[in-house]
Amino acid sequence: VREAGEVEGTYGISFVFDAAKAGNRNYFINEETAATFTITKRTLELSAIENSKVYGDVDPVFTYGETGEMYKDQKASDAFDINVVRVAGETVGTYEMSIEYVAKASDVVVNGVAISYDDMYAVSTVNNTFTIVTEVISNTNSSVADVVYNGKEQTPAVSVTDTVLNEVVTLVEG
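Report follows, based on the coordinates.

Structural notes on a nonpolar patch on the surface
- On the surface, V54, Y55, V92 and V133 cluster together into a nonpolar patch covering about 270 Å² of accessible area.
- Residue V133 is classed as partly exposed on the basis of its relative accessible area, which comes to 35%.

Structure below.
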């Protein structure tokens, strides 16, 4: 007989000897023999998938991969609310992406006991990177400021307007 329990842990097993069936002398049962039965959590790994965008674009939809053995035909999203998030920032560079998750309410019942997803799975996460790359300005209007001759060397100001983002960049000699 196994000690009751359906979540992660170690449970005792005892051997019950039925004296009414003791007529067979070919077997000896030591009533003090005991054993254990161990239930372990299923492992689930959630990995943020590397992503990028061009400076000025909106963030793409972030995704994740999953490895591990799920209960029956479930996916990780059946058991957990999962979000891939990144460190805030909009300048060109690399930012860390990570995974946040919360167990959903479980409808799993084993031997009359409701089992939570937190009790069923040992979840680990793998971070990744999100990169914002430099925008290549291709749709532009440029202009050079007029300069009035004054007998000295002058450098005119040059402005470039990105017609997609409607940003003006002024080039200054430097």
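Let's talk about the packing of aromatic side chains
- By the definition in use, this model includes 5 aromatic pairs.
- Considering the side-chain rings of F80 and Y121, the 5.9 Å spacing of their centres and the 70° angle between planes classify their relative orientation as edge-to-face. Of this pair, F80 sits in strand 6 (residues 80-86) while Y121 is found in strand 10 (residues 121-126), placing the two residues 41 residues apart along the sequence.
- These aromatic residues form a ring-pair network of at least three members: F80, Y101, Y117 and Y121.

Some points on the pairing of strand 11 (residues 128-133)
- Both strand 4 (residues 51-54) and strand 11 contribute to a ladder of 4 bridges, which runs parallel. Counted as the bridge partner of K53 is I132 from strand 11.
- Two elements, strand 7 (residues 93-103) and strand 11, share 5 bridges in a ladder whose sense is antiparallel. For G93, the partnering residue across the bridge sits in strand 11 and is I132.

Conventions and cut-offs
- Residues numbered from 1 in each chain as written.
- Predicted model: local features only at pLDDT ≥ 70, side-chain atom pairs only at ≥ 80, totals over all residues.
- Heavy atoms only, no water.
- Patch = residues over 30% accessible without salt bridge, like charges linked within 9 Å, V, L, I, M, F, W, Y side chains within 5 Å.
- Areas by Shrake-Rupley, 256 points an atom, 1.4 Å probe, with all protein chains shown as cover.
- Salt bridge = Lys/Arg side-chain N within 4 Å of Asp/Glu carboxyl O.
- Buried < 20%, exposed > 50% of the residue type's maximum accessible area, 1.4 Å probe, protein only.
- Phe/Tyr/Trp six-rings, centres within 6.5 Å; stacked < 30°, edge-to-face > 60°.
- Helix = DSSP H or I, 4+ residues; strand = E, 2+ residues; numbered from the N terminus.
- Pairing = 2+ DSSP bridges.

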